[in-house]
Amino acid sequence: MNEGTTTLVWLVIRQDDNGNRYRVGRYATRAEAQKIADSLDDRGHKQLYWVERLGQAQNGTAR
């Protein structure tokens, strides 16, 4: 990694009530990604949100 380059390896994933999964965003730190996932989850919709590291899918397990 070069100086001044940020690697965005943490993903926020959303799964809707039909089981479809979408990447919501990519973040540099797990804490940043978790903050976004928590804020989306707090909206009270049926969707599930969770954080995973790029390349390490969780087979649909919610946070």
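What counts and how
Residues numbered from 1 in each chain as written. Predicted model: local features only at pLDDT ≥ 70, side-chain atom pairs only at ≥ 80, totals over all residues. Heavy atoms only, no water. Helix = DSSP H or I, 4+ residues; strand = E, 2+ residues; numbered from the N terminus. Polar contact = N/O pair within 3.5 Å; in protein donor to acceptor, adjacent residues only side chain to side chain. Expected span 1.5 Å × (residues − 1). Buried < 20%, exposed > 50% of the residue type's maximum accessible area, 1.4 Å probe, protein only. Arc of directions from axis to C-beta. Contact = heavy atoms within 4.5 Å. Pairing = 2+ DSSP bridges. UniProt positions renumbered as here; feature names shortened; annotations may be inferred. Axes fitted to C-alpha atoms, helices over the stretch in contact; angles between N-to-C directions.

Under an unreviewed UniProt entry, the name given to the protein chain is SPOR domain-containing protein, and the source organism is Streptomyces aureus.

1. Some points on the side chain of glutamine 15
Summarising the element assignment, glutamine 15 is placed in strand β1 (residues 10-15). A polar contact is formed between the side chain of glutamine 15 and the side chain of arginine 21, at a distance of 3.1 Å.

2. A closer look at helix α1 (residues 30-41)
Helix length check: α1 (12 residues) gives 16 Å between terminal C-alpha atoms against 16 Å at 1.5 Å per residue, within 8%. Regarding α1, the residues found buried are Ala33, Gln34, Ala37 and Leu40. End-on, the buried residues of α1 take up no more than an arc of 125°, which puts them together on one face. Of the exposed residues in α1, those oriented more than 90 degrees away from the buried face are Ala31 and Lys35. Structurally, α1 contributes buried residues whose contacts are with β1, β2 (21-27) and β3 (48-53).

3. Some words on the pairing of β1
Taken across its six residues, β1 has five buried, putting it largely inside the fold. Counting the residues in the hairpin turn of β1 and β2 gives five residues, including glycine 19, whose phi is positive at 90°. Relative to β3, β1 runs antiparallel, the two sharing six bridges. When the sheet's bridge partners are listed, glutamine 15 is paired in β3 with leucine 48.

4. Some points on the UniProt feature "domain: SPOR" (unreviewed entry) in the protein chain
Sites flagged by UniProt as "domain: SPOR" (unreviewed entry) map to residues 8-41. Within the segment residues 8-41, helix and strand shares are 35% and 38% respectively, and the terminal C-alpha atoms sit 21 Å apart.

5. Some details on the sheet that holds β1
Remark on secondary structure: sheet strands pair via backbone hydrogen bonds, oriented parallel or antiparallel. Pairing within the open sheet is antiparallel, and its three strands lie in the order β2-β1-β3. Each edge of the open sheet carries a strand with a single partner, namely β2 and β3. Each strand of the sheet is rotated relative to its neighbour by a mean of 25°, with strand direction disregarded. Contacting β1, β2 and β3, α1 crosses the sheet at an angle of about 170° to β3.

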